Amino acid sequence: MIYTALDNFYLTDEQLANTPSVAEGEIDAETEFKLRVYGAELIQEGGTLLKLPQAVMATGQVLFHRYYCKKSFTKHAVKRVACACCWLATKLEENPRKIRDILNVFLRMECRRENLPLEPLDYFSKRYDHLKHDLIKNERLLLREFGFIVHVEHPHKFVLNYLQMMGMGQELMQEAWSLVNDSLRAPLCVRYNAEVVACGVIHLAARRLKIALPESPPWYSLFNVEEKDMECVGRMLCGLYSMPKVEYIHVVSADKPLSHCCFADPEKPKEKIAALAAADASPKGAESPKADTPMTDATGATPSEAG
């Protein structure tokens, strides 16, 4: 079992290669990596649409990677966890957003990515209530799993400080800043501490721009970073850039997209969404013609369960 300590959530290569998803033989390592990238990209895109600072998106991505070091992708839906991580990060970084704004953004992203019909979210509908309670439930699961230890240290400040100490120019700083943001798509944040990641992105940025860094003594030795760790960071980032665009991979049997209550059933989504909209539009007290169908029983979590 992996225990969380304050600012000490780092795994060995063996632990990272045997996460719950892989150790139980449910998915392979490549599929897990793609799902990690997909979830991190959701948080980054959602944070951009919500006009959040980069620190909020970075915190949400770190929480996302940490959670799936403890839980399996086949038992906890990527989209729901990504949404909950983004919402929790807004609170931790003191940039809160309304829950309806979070749901609206993630709902729209899912519909656009999966070619589902775009429909406004009615804040007085049962659909909105289910989504809200599902998000609250997932946030509580995150906090319980972390033991309420959610401290995160990002490599961004180290990148700027190290480059300023070496007297490097703005071009290298900008390149390294872009790389450190991209590094959060991969599970580097749970393998290496922030100082190692910072040195790794500086090393890669300098090589891409063909800028020489001090060698006598080696510049990274001043920051207590080993060359092999720094190069591992660079190799993982290069592998990330060589990947094609990551699409959603359905691995959870009970996973339902956001577009239907708690993220709609991928099978026949348009018909089910239309039925749900008709139920919400029916007069109060009237019996819905779809009330006895399995659709209303597959919400994932009722308000009483979420509470």
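No experiment lies behind these values; they were computed from the predicted model shown.

**Concerning the packing of helix α4 (residues 54-70) against helix α7 (residues 126-146)**
Any two packed helices are characterised by how steeply their axes cross, that is the angle between the axes, and by the distance between the axes. It is at 10 Å that the axes of α4 and α7 come closest, and there the two elements cross at 70 degrees. Here α7 runs roughly perpendicular to α4, going by the angle between their axes. The crossing of α4 and α7 is left-handed. Contact with α4, carried on its side by Leu-63, Arg-66, Tyr-67 and Lys-70, involves Leu-141, Leu-142, Glu-145 and Phe-146 of α7 and no other residues of that element. Of the residues assigned to the contact of α4 with α7, the class counts are five nonpolar, no polar and three charged.

**Here we look at the pattern of salt bridges**
Under the defined criterion, the tally for this structure stands at 16 salt bridges. Among the ionic pairs, Lys-79 bridges to Glu-110, the shortest N-O distance being 3.0 Å. With Lys-79 in helix α5 (residues 78-92) and Glu-110 in helix α6 (residues 99-113), this residue pair connects regions lying 31 residues apart in the sequence. Take Lys-79 and Glu-110: they sit in the same class, and that class is buried. A salt bridge links Glu-175 to Arg-208, with the shortest nitrogen-to-oxygen separation between them at 3.5 Å. Remark: Arg-208 occurs in helix α10 (residues 194-209) and Glu-175 occurs in helix α9 (residues 170-183); sequence separation between them is 33 residues.

**Quick notes on the packing of aromatic side chains**
Aromatic ring pairs are defined here through the distance separating the ring centres and the angle between the ring planes. Tallying each qualifying case throughout the model produces ten aromatic pairs. Ring geometry for Tyr-67 against Tyr-68: centres 5.6 Å apart, planes inclined by 80 degrees, an arrangement best described as edge-to-face. Ring centres of Tyr-67 and Phe-146 lie 6.4 Å apart, and the angle between their planes is 85 degrees; on these two criteria the pair is classed as edge-to-face. On the criterion of sequence distance, the pair formed by Tyr-67 in helix α4 and Phe-146 in helix α7 is long-range, its members being 79 residues apart.

**A look at the nonpolar core**
Counting residues in hydrophobic clusters, the biggest one holds 87 residues, and the most contacted among them are Phe-64, Phe-106, Leu-163 and Trp-219. Those residues in contact with Trp-219, other than ones at most four positions away along the chain, are Met-166, Cys-199, Ile-202, His-203, Leu-213, Pro-214 and Met-230.

**Re unusual backbone geometry**
Cis peptide bonds are those with omega within 30 degrees of zero, and the linkage from Ser-216 to Pro-217 qualifies with 0 degrees. Along the chain, Pro-217 turns up in the loop between α10 and α11 (227-242). One non-glycine residue, Asn-115, adopts positive backbone phi at about 55 degrees. For Asn-115, the location among the structural elements is in the loop between α6 and α7. By relative accessible area, Asn-115 is classed as exposed at 65%. Positive phi outside glycine occurs at Asn-224, with the angle close to 60 degrees.

What counts, and where the lines are drawn
- Residues numbered from 1 in each chain as written.
- Predicted model: local features only at pLDDT ≥ 70, side-chain atom pairs only at ≥ 80, totals over all residues.
- Heavy atoms only, no water.
- Axes fitted to C-alpha atoms, helices over the stretch in contact; angles between N-to-C directions.
- Helix = DSSP H or I, 4+ residues; strand = E, 2+ residues; numbered from the N terminus.
- Parallel < 35°, antiparallel > 145°, perpendicular 65-115°, else oblique.
- Left-handed = near helix turned anticlockwise from the far one by under 90°.
- Contact = heavy atoms within 4.5 Å.
- Nonpolar A, V, L, I, M, F, W, Y, C, P; charged D, E, K, R; others polar.
- Salt bridge = Lys/Arg side-chain N within 4 Å of Asp/Glu carboxyl O.
- Buried < 20%, exposed > 50% of the residue type's maximum accessible area, 1.4 Å probe, protein only.
- Phe/Tyr/Trp six-rings, centres within 6.5 Å; stacked < 30°, edge-to-face > 60°.
- Core = buried A, V, L, I, M, F, W, Y, C linked by side-chain atoms within 4.5 Å.

That's the geometry; what it means functionally is another story.
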